[in-house]
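# Survey of secondary and tertiary structure
Residues per chain, in single letters:
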Amino acid sequence: MGYCCKLMPNCFFAPLSSCCRSPNQVRRSWIGFLLHPKMALFGTTFVVISFLLFWAFLGEAEYMKYRDPSQPVNVRVRDLMNRMTLAEKIGQMTQIERKVATPQVLKDYYIGSLLSGGGVFQPRRPPLQIGDPDLVKRIGAATALEVRATGIPYAFAPCIAVCRDPRWGRCYESYSEDHKIVQAMTEIIPGLQGDVPANYTRGFPYVAGKNNVVACAKHFVGDGGTQKGINENNTIIDRQGLFSIHVPAYYDAIAKSVSTVMISYSSWNGVKMHANRDLITSFLKNQLKFRGFVISDWEGIDRITSPPGANYTYSVQASITAGIDMVMVPNNYADFINSLTNLVNMNVIPMSRIDDAVRRILRVKFVMGLFENPLADLSLADQLGKKEHKELAREAVRKSLVLLKNGKSTYEPLLPLPKKAPKILVAGSHADNLGYQCGGWTIEWQGASGRITLGTTILDAVKATVDPATTVLFVENPDNDFVRNNNFSYAIVVVGEHPYTETAGDSLNLTIPDPGPSTIQAVCRAVKCAVVVISGRPVVIEPYVSVMDALVAAWLPGSEGQGVTDVLFGDYGFTGKLPRTWFKSVDQLPMNVGDQNYDPLFPFGFGLTTKPRTAR
C-alpha cells in the first residue's frame, strides 16, 4: 500500500489576474484555476507574477464583495459573476492537460482548470479491499495532508463504483460488489474534506480548511455494472435496479457534502451518461440537491458519439445541456471553447446554463478558501512521506488481507508461520516486485514492473521479519526437483496479475499470468506452502487450491509489504473478509451475493481468522 493511499490527487487552485486591463476595467482579478501536482513549479512561478499584479491593481480598485471573506459564499459568487465576460465564464468550465498549457494560453483563454494525465509521476495508491469506515476516513485525512503539502487542493476520489463483474478492468477501484459496503466507505469523504458542521446545508460543497482537499465522487453512475465487465460499455438494468445498486452511495456522498461528481464513460440502457440530462440535472442536481460542480471524465464528451469526436459540436451541446459544468477537454481546448461560445451566441445553449455551471465551480473555489489561500502551504512539507502515514498504510494492508485457506486440515493450520526455521523458500514473480504490488495508476498510467518507487517488497519484508538465524532463499520460478532437494521448512509463493488500468485491464479469462500457476504447482507439491495472490480482483485459483496449504488474497498492497508479513508471521491476526464473491469459473460470471444459483469458490464475506502469535 502506498502511503498516499487510495486516491489520485489531480488539481491545484491558484489566482489568475486580468493584468491586461486598467484598474477601472478589472472585472476578474482573482478567479482560481485548477492545476495538477506535477504543475506545482510552473504554477507557482506564474501565480507569483499574477499575485503581484493583482495587488498592484487592488489599491486603486473599488470594494468588491467577492474579495471579502466575511461575505456569504453565494454573495461572493454573485458579485464575481456579475463582473465576468462570457469568455471568462467558459474558461472556468474548461479543464486542460498541463502539457498544452502555457501562461499565454491560460491568459488568452481564461482557463479554469489544469490537470496532469496518467503516466506523469502518478502517486502510489492501494486499491485495497478495506471494509473499515474509520480506517478509510483516517486514510483520507492522511492523503489530504500529503496532497495539500504539494500545493494541491483537489483529489479525483473516491471511486464509489459498485463492481458487479470482476472482468472489468477498473474493478480494483471499487470497494465492493455490495452497495452497502460502498456506502460505508464514503466515510473517506469527510477524511478528505473534513467533518461537515452540524446544520450545514445538505448538498452544499464543504472543505474544512488548508489541511483538507476537494473530493470527487465518481463515476456517476452505473460504471461498475457494464455488460461482461467491458470498460465504458453499456449497463443494462431497469431503473429500480440502477437505483438500488449503483445510486445509493451517491446519497451518502452528497449527505457528506462531496464537492464534485465525475460522470461515467458508460451508458445506461444505451444512453451515454455524459449526455444523460435526466440523471445529471433532474436527479443529481434537482432531486438530490447537489450544489457542487459536475465534471466530465477525460475526453468524456468526445465519446458521446461513435467514433469519438465524430460530431464534436453535438457532443459539446449534449454534455453541457445534460448538466456537465466543467469539461476535462483535455487537449483541444480551442475547439471546445469555440464550439461552446458559438452555441451560446446562437442561443442553442442558454446563458442560464452557463451561469449555473460557473456558479457551481466558483462556489467550490470560494468554499475551499482558494481566494484567501491560493498558494501552497510550505509548513506542510514535512507531511510528505511521514512515518505515521506509512504506518497507517501498513495497518490498512494487514487489515485488508483475506485468509482463504489455512491448512489442508482444520486441525493442522500452517499460519502463522514460524519466524525461526533453518531455511525457507520465497518464490514467485510478485515476491520481489514493487511495481506488481502497486498495480496500475502508479508512476505510469498502466503501472510498471520493478522498483519503480520507494517501498518494501514482500521479499524485503520476509527478510526483515524472520529470525536472523533463518536462511531466506529467493528463487522466482523454481522447478519441483529444486524444491524437493533443498530441505526447506516451508515456502511462501507470491504470484498474481500484472499491472493494468481501465480498458487494458478488461479480461474475459481472469487467469493468473504464466509462470504463476506452474510456480504454485512446482513448489506446493514439494513443500508446505503459503500462496499469496496479488491481484485487483478475484482470479482463477480453483484448480490449484488443493495443493496449497494456505491461501491469502492480498489484493494490491502497494509500497508497504510489511503489512503482509505482519499477519503471515502472526504479529497480528487475519481479520479481513471478502468484499466480493470469489468465483470457481469465469463461466459463472457475473455472479454476486444474493443471486440465484449462487455457487462460489469463496462466498462474499468469507475470511478465516487467526490470533496474533503472542495471544495463542
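Remember, predicted model here, so these are calculated numbers, not experimental data. (Residues numbered from 1 in each chain as written. Predicted model: local features only at pLDDT ≥ 70, side-chain atom pairs only at ≥ 80, totals over all residues. Heavy atoms only, no water.)

### Structural notes on the overall build of the protein
Counting its secondary structure elements, the protein contains 19 helices and 17 strands. For the protein, with 616 residues in total, the buried portion stands at 62%. Taking the contacts inside the protein whose residues are at least 6 apart along the sequence as the reference set, 77% of them involve residues at least 24 apart. Accessible surface computed for the protein: about 22,100 Å², of which carbon and sulfur atoms make up 51%. (Helix = DSSP H or I, 4+ residues; strand = E, 2+ residues; numbered from the N terminus. Buried < 20%, exposed > 50% of the residue type's maximum accessible area, 1.4 Å probe, protein only. Contact = heavy atoms within 4.5 Å. Areas by Shrake-Rupley, 256 points an atom, 1.4 Å probe, with all protein chains shown as cover.)

### Re the sheet that holds strand S5 (residues 216–220)
Read from one edge to the other, the open sheet built from three strands follows the order S5-S7-S10, with strand pairing classed as parallel. At either margin of the open sheet sits one strand with a lone partner, and together these are S5 and strand S10 (293–295). Across the sheet, the axes of successive neighbouring strands diverge by a mean angle of 25 degrees, strand direction being ignored. Where S5 meets strand S7 (residues 260–263), four bridges bridge the pair, whose relative direction is parallel. The partner of Cys216 across the bridge, within S7, is Thr260. The strands touched by helix H9 (residues 248–255) within the sheet are S5 and S7, with S5 carrying the most contacts at an inclination of about 160 degrees. (Pairing = 2+ DSSP bridges. Axes fitted to C-alpha atoms, helices over the stretch in contact; angles between N-to-C directions.)

### Side note on the side chain of Arg167
Of note, Arg167 is situated in the loop between strand S4 (154–155) and helix H6 (179–185). We classify Arg167 as buried; its relative accessible area is 10%. At a separation of 2.7 Å, a polar atom in the side chain of Arg167 contacts the side chain of Asp165. With residues up to four places along the chain from it excluded, the contact list for Arg167 reads Lys228, Gly229, Gly505, Asp506, Ser507, Leu508, Leu510, Arg537, Leu589 and Pro590. (Polar contact = N/O pair within 3.5 Å; in protein donor to acceptor, adjacent residues only side chain to side chain.)

### Section: the sheet that holds strand S9 (residues 271–272)
Sheet architecture is open: three strands sit in the order S6-S8-S9, paired in mixed fashion. Across the chains shown, the open sheet's two edge strands, defined by having one partner strand only, are strand S6 (234–235) and S9. Both strand S8 (residues 267–268) and S9 contribute to a ladder of two bridges, which runs antiparallel. In the strand pairing of S9, Ser267 is matched with Lys272.

### Considering the nonpolar core
By size, the foremost hydrophobic cluster in this structure holds 91 residues, and its most contacted members are Phe220, Val258, Leu279, Ile295, Phe336 and Leu340. Element by element, the count of residues in this core is highest for helix H13 (residues 351–367), at seven residues. Aside from chain neighbours lying at most four places away, what touches Phe220 is Tyr250, Val261, Met262, Ile263, Ser264, Met273, Leu279, Ile280, Phe283 and Leu284. Membership of the second largest hydrophobic core comes to 33 residues, among which are Leu403, Ile458, Val494 and Leu568. (Core = buried A, V, L, I, M, F, W, Y, C linked by side-chain atoms within 4.5 Å.)

### Points about the pairing of strand S15 (residues 490–496)
Taken across its seven residues, S15 has seven buried, putting it largely inside the fold. Alternating residues of S15 divide into Tyr490, Ile492, Val494 and Gly496 and Ala491, Val493 and Val495, and every residue in both groups is buried. One ladder, built from four bridges, connects strand S13 (residues 423–427) with S15; its direction is parallel. Each bridged residue has a counterpart across the sheet, and for Ala427 the counterpart in S15 is Val493. Looking at chain direction, S15 and strand S16 (residues 529–534) are connected through six bridges and run parallel. In the sheet register, Ile492 faces S16, and the bridge partner there is Ala530. Handedness of the crossover joining S15 and S16 through helix H18 (residues 516–524) is recorded here as right-handed. (Right-handed = clockwise from strand over helix to strand, strands pointing away.)

### Examining the environment of Pro248
Checked against the element boundaries, Pro248 lands in helix H9. Taking C-alpha positions, Pro248 is 9.9 Å from Val162, a pair spaced 86 residues apart along the chain. Non-local contacts of Pro248, meaning those with residues more than four positions away in its chain, are made with His179, Gln183 and Phe243.

### A word on the pattern of salt bridges
Any two side chains of opposite charge can pair, on the condition that their charged atoms come close. The tally for this structure, following the rule as stated, stands at 26 salt bridges. Notably, a salt bridge pairs Asp134 with Arg138, separated by 3.2 Å at the nearest N-O pair. One end of the pair, Asp134, and the other, Arg138, are both in helix H5 (residues 133–149), four residues apart, so they sit about a helical turn from each other. We note a salt bridge from Lys419 to Asp571, for which the minimum N-O separation is 2.8 Å. Placement of the pair is Lys419 in the loop between strand S12 (402–406) and S13 and Asp571 in the segment after helix H19 (562–568), with a sequence separation of 152 residues. Given the relative accessible area of 27%, Lys419 is considered partly exposed. The exposure class assigned to Asp571 is partly exposed, which follows from its relative accessible area of 35%. Several salt bridges converge on common partners, so that one network encompasses Lys285, Asp325, Arg353, Asp356 and Arg360. (Salt bridge = Lys/Arg side-chain N within 4 Å of Asp/Glu carboxyl O.)

### Quick word on the state of the cysteines
With the rule as written, the count across this model stands at two disulfides. The residue that forms a disulfide with Cys163 is Cys171, at a sulfur-sulfur distance of 2.1 Å. Looking along the S-S bond of the Cys163-Cys171 disulfide, the torsion reads about -110 degrees, which is the left-handed sense. Exposure remark for Cys171: the relative accessible area of 1% places this residue in the buried category. Disulfide partner of Cys524: Cys529, at an S-S distance of 2.0 Å. (Disulfide = S-S within 2.5 Å.)

### Some points on the confidence of the model for the protein
The predicted structure's coordinates, where accompanied by low pLDDT, should not be read in detail. For the protein, per-residue confidence averages 90 on the pLDDT scale, and 88% of positions sit at 70 or higher. Between residues 121–126, whose pLDDT stays under 50, and residues either more than four places distant or in other chains, the model counts 36 contacts. (pLDDT = per-residue confidence, 0-100.)

### Let's talk about the packing of helix H8 (residues 239–246) against helix H10 (residues 277–287)
As a packed pair, H8 and H10 sit with axes 15 Å apart at the nearest point and diverge in direction by 60 degrees. Viewed along their axes, H8 and H10 adopt a mutual orientation that is oblique. Seen along the crossing, H8 lies across H10 with a hand that is right-handed. Between H8, through Arg239, Leu242 and Phe243, and H10, the contact on the second element is made entirely by Asp278, Leu279 and Phe283. (Parallel < 35°, antiparallel > 145°, perpendicular 65-115°, else oblique. Left-handed = near helix turned anticlockwise from the far one by under 90°.)

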